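Descriptive structure summary
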Amino acid sequence: MDTSPAPALKDGFSKTTVAGIARLVAVVHPAFDAPRFKRLAGQQFDALSLMARVRRVAETLAATLPSDFSAALAIVERALDEPPATQRVGEGIAAFRIAPFLEWVAIAGVGTPDTALPALARLTKHFTAEFAIRAFLEAHLDLTLDHTAHWVADPDPRVRRLASEGTRPLLPWGRHIAALKRDPARALTLIAPLAADPDEVVRRSAANHLNDVSRLDPDLALAHATRWTHTFGSGAAGTVRHAVRTLVKKGHPEALQLLGFDTHAEVRLRGLALSARSVPVGGEIELTAELHSTGGEPVSACVDYAVRYASARGAVRVKVFKGTQVTLVPGQACPVRFRRDFVPRTTRALYPGPHAVEVRVNGVVVGEAPFDLV
C-alpha cells in the first residue's frame, strides 16, 4: 500500500504557474518586466499556502503593472482574452492561475470602485470573483450591494452566482465582512430571486448563503426560507432543503416542519447493531437498524446519524452526518444502514478512545451504540 502523503493542494499553484502568468501578460504588454515579476513573486514561495501564493502574485502584479488602474486593467483583460462561453469544468486547481488577476483588482482597484466592480463582473466569467469582492464590501458596502442588486438579474449565471457567493456572510476561505455578519438580511434580501434560478450552480450558492445566515440568526434564516417556499414553490424546494440543512441536523423543529417532517412522530428503533466494537484509525464502521412507526399514520422522517468523537482533552465532539429521508408505515419495518470511515483528515483530528454512534429521527436521538477507536 502506498503510504506516501498526497500532494498538497497548493502544489498545483507552483512557480511554473507564476511563469505562465508572466507569459500571459508579456504577450500583450511587451514592456512588462517578466524576470522581475517572477523574482518578486517567487520569494519564499514554497512556504506559502495556496491563498497566500495567490495573494503574493496579485501583489506582484500591482508592483509591476502600470500604476494607473484603468491602463493596467486593459492589459489584464487583453491577457485573459475573451472568457469561455460557460464555466470551466474539470480544471480543478489549474483554474487558480486566474485568481491572482481577480485579487489584483481587489488590491489596485479598491480606490476606484466604479471602474473595478464592473471589471469584477466581467472577470468572474474567467474565475470566480467571490474572494476579490470582499475588499469592496468592506470598503464600499452600499455601492457594492447596489452593483449586486443588478448582478442578480444578469443573463450570465456566473455573474448571478457572484451576487450570492460574494456576499455570503461566512464565505469559506474568504474574509468575513463584519457588517454582513451583523445584518445578514441586507444581502440576503437582494439574492432572493436566485433561490429559483434556472441554473443549479446559482441555486446552490443561494442555498449556501442562506445556510450561512442560519448559523448567525436561525429565525431570520427560517423567515426567508419560508418566504422562498411561498414565493417560488417547487422551483425553490431543493434550494430551501439545502439551505436549512444545518438547522435540520440540529433538530430545529420549525426547519423540519418547513420540509414536511412530523416532529411529533412516534418512532422506535430496533435491532441497532455495529459491524465492530473496535475500529482502527483508518478503518470504517457500519450501523444497521430498523425503524418502526408506533402511531396510526404514515410518518415522513428525516433520518440522520451522528458520531460522538473523543477529543485530546476528554471532551466529546458531536458531528451530525446527513442520512436519508423515508416514509414510515405503521406495521412495517424500515431498515436503515449507515457507513462512516475514520480516515484522518486535515479538517478533523482523530483520537483513540471511546466513541459512539447515534441515530436521529426528525432531530431526536432514538438510539445509540458505543465503540472504541484504536
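Refer to the structure presented above.
Every chain is numbered on its own, with residues counted from 1 as its sequence reads. Side-chain atom pairs in this predicted model are given and counted only at pLDDT of 80 or more, local residue features only at pLDDT of at least 70, and totals for whole chains, interfaces and linings cover all residues. Neither water nor hydrogens contribute to the side-chain values; these are computed over all heavy atoms in the structure.

**Re the overall build of the protein**
Numbering of helices and strands runs from the N terminus, with a helix taken as a DSSP run of H or I at least four residues long and a strand as a DSSP run of E at least two residues long. The number of helices and strands found in the protein is 16 helices and eight strands. We call two residues in contact when some of their heavy atoms are within 4.5 Å. Partitioning the intrachain contacts of the protein with sequence separation of at least 6 by distance along the chain shows that 69% fall at a separation of at least 24. Methods summary: accessible areas were calculated by the Shrake-Rupley approach with a probe of 1.4 Å, and residue burial reflects only the protein chains presented. With the model as given, the accessible surface of the protein reaches about 17900 Å², and the carbon-plus-sulfur share is 52%. Residues scored as positive are Lys and Arg, those scored as negative are Asp and Glu, and His as well as the terminal groups of each chain are ignored. Lys charges are placed at NZ, Arg charges at CZ, Asp charges at CG and Glu charges at CD. For the protein, the separation between the mean place of its 45 positive charges and that of its 38 negative charges on side chains is 5 Å.

**Details of the packing of aromatic side chains**
Classification of ring pairs uses Phe, Tyr and Trp, with its six-membered ring standing for Trp, and accepts pairs whose centres are within 6.5 Å; under 30 degrees between planes counts as stacked, over 60 as edge-to-face, and the remaining range as tilted. For the coordinates displayed, the defined rule picks out seven aromatic pairs. Between the aromatic rings of Tyr305 and Phe321, the centroid separation amounts to 5.3 Å while the plane-to-plane angle is 25°, which identifies the pairing as stacked. Separated by 16 residues along the polypeptide, Tyr305 in strand β4 (residues 299-310) and Phe321 in strand β5 (residues 316-328) bring together distant segments of the chain. Burial status follows relative accessibility: with a 1.4 Å probe on protein chains alone, a residue under 20% of its type maximum counts as buried, one over 50% as exposed, and anything between as partly exposed. Judged by its relative accessible area of 9%, Phe321 falls in the buried class. Aromatic pair Tyr305 and Phe338: ring centres 4.8 Å apart, planes at 20°, arrangement stacked. Taken together, the residues Tyr305 in strand β4 and Phe338 in strand β6 (residues 334-341) connect sequence positions 33 residues apart. Each residue in the set Tyr305, Phe321 and Phe338 is aromatic and connected to the rest through ring pairs, giving one cluster. Definition used: whenever NZ (Lys) or CZ (Arg) falls within 6 Å of the ring centre and also within 35 degrees of the ring normal, the charge is taken to sit over that ring. A cation sits over an aromatic face here: Lys319 above Phe321, 5.9 Å from the ring centre. Above the face of the Phe321 ring, Arg340 is positioned so that its terminal group lies 3.7 Å from the ring centre.

**Some thoughts on the sheet that holds strand β8 (residues 364-373)**
Pairing between strands requires that DSSP locate at least two bridges from one strand to the other. Read across the sheet, five strands follow the order β2-β8-β7-β4-β5 without closing on themselves; strand pairing throughout is mixed. In this open sheet, the two strands that pair with only one neighbour each are β2 (278-279) and β5. In this sheet, β8 lies alongside strand β7 (residues 353-361) in antiparallel orientation, the contact comprising nine bridges. Counted as the bridge partner of Val361 is Val364 from β8.

**Re the nonpolar core**
Buried Ala, Val, Leu, Ile, Met, Phe, Trp, Tyr and Cys residues form a nonpolar core when they are joined through side-chain atoms within 4.5 Å. Within the largest apolar cluster, 79 residues are counted, with the highest numbers of intra-cluster contacts made by Leu65, Trp104 and Leu120. Apart from the residues within four sequence positions on either side, Trp104 is in contact with Ala58, Leu61, Ala62, Leu65, Phe69, Ala72, Leu73, Val76 and Gly109. Among the nonpolar cores identified, the runner-up in size contains 28 residues, and Ala289, Leu291, Ala301 and Val326 belong to it.

**Some points on the sheet that holds strand β3 (residues 284-293)**
What the three strands build is an open sheet, ordered β1-β3-β6; its pairing is antiparallel. The open sheet has two edge strands with one neighbour each: β1 (267-274) and β6. The mean angle between the axes of side-by-side strands here comes to 25°, regardless of whether they run parallel or antiparallel. Here six bridges tie β1 to β3, and the two strands are oriented antiparallel to one another. Counterpart to Leu274 in the pairing with β3 is Leu287. Note on geometry: axes are lines fitted to C-alpha atoms, helical ones only across the stretch in contact, with angles between N-to-C directions running from 0 to 180 degrees.

**Points about the side chain of Ser164**
Relative to the helices and strands, Ser164 resides in helix α9 (residues 157-165). The class for Ser164 is buried, based on a relative accessible area of 0%. Setting aside residues no more than four positions away along its own chain, Ser164 makes contact with Ile191, Leu194, Ser205, Ala206 and His209.

**What to know about the pairing of β7**
Burial within β7 is extensive, with eight of its nine residues counted as buried. As defined by bridge partners, β4 adjoins β7 across six bridges and the pair is classed as antiparallel. When the bridges of β7 are listed, Tyr305 appears paired with Val359. Where β7 hands over to β8, the hairpin turn is made up of two residues, of which Asn362 adopts a positive phi near 50°.

**Structural notes on unusual backbone geometry**
One non-glycine residue, Gln44, adopts positive backbone phi at about 50°. By the element assignment, Gln44 lies in the loop between α2 (34-41) and α3 (50-64). Owing to a relative accessible area of 69%, Gln44 belongs among the exposed residues under this scheme. A positive phi angle is found at Asp81, which is not glycine, with a value near 65°. Its location among the elements puts Asp81 in the loop between α4 (69-80) and α5 (99-108).

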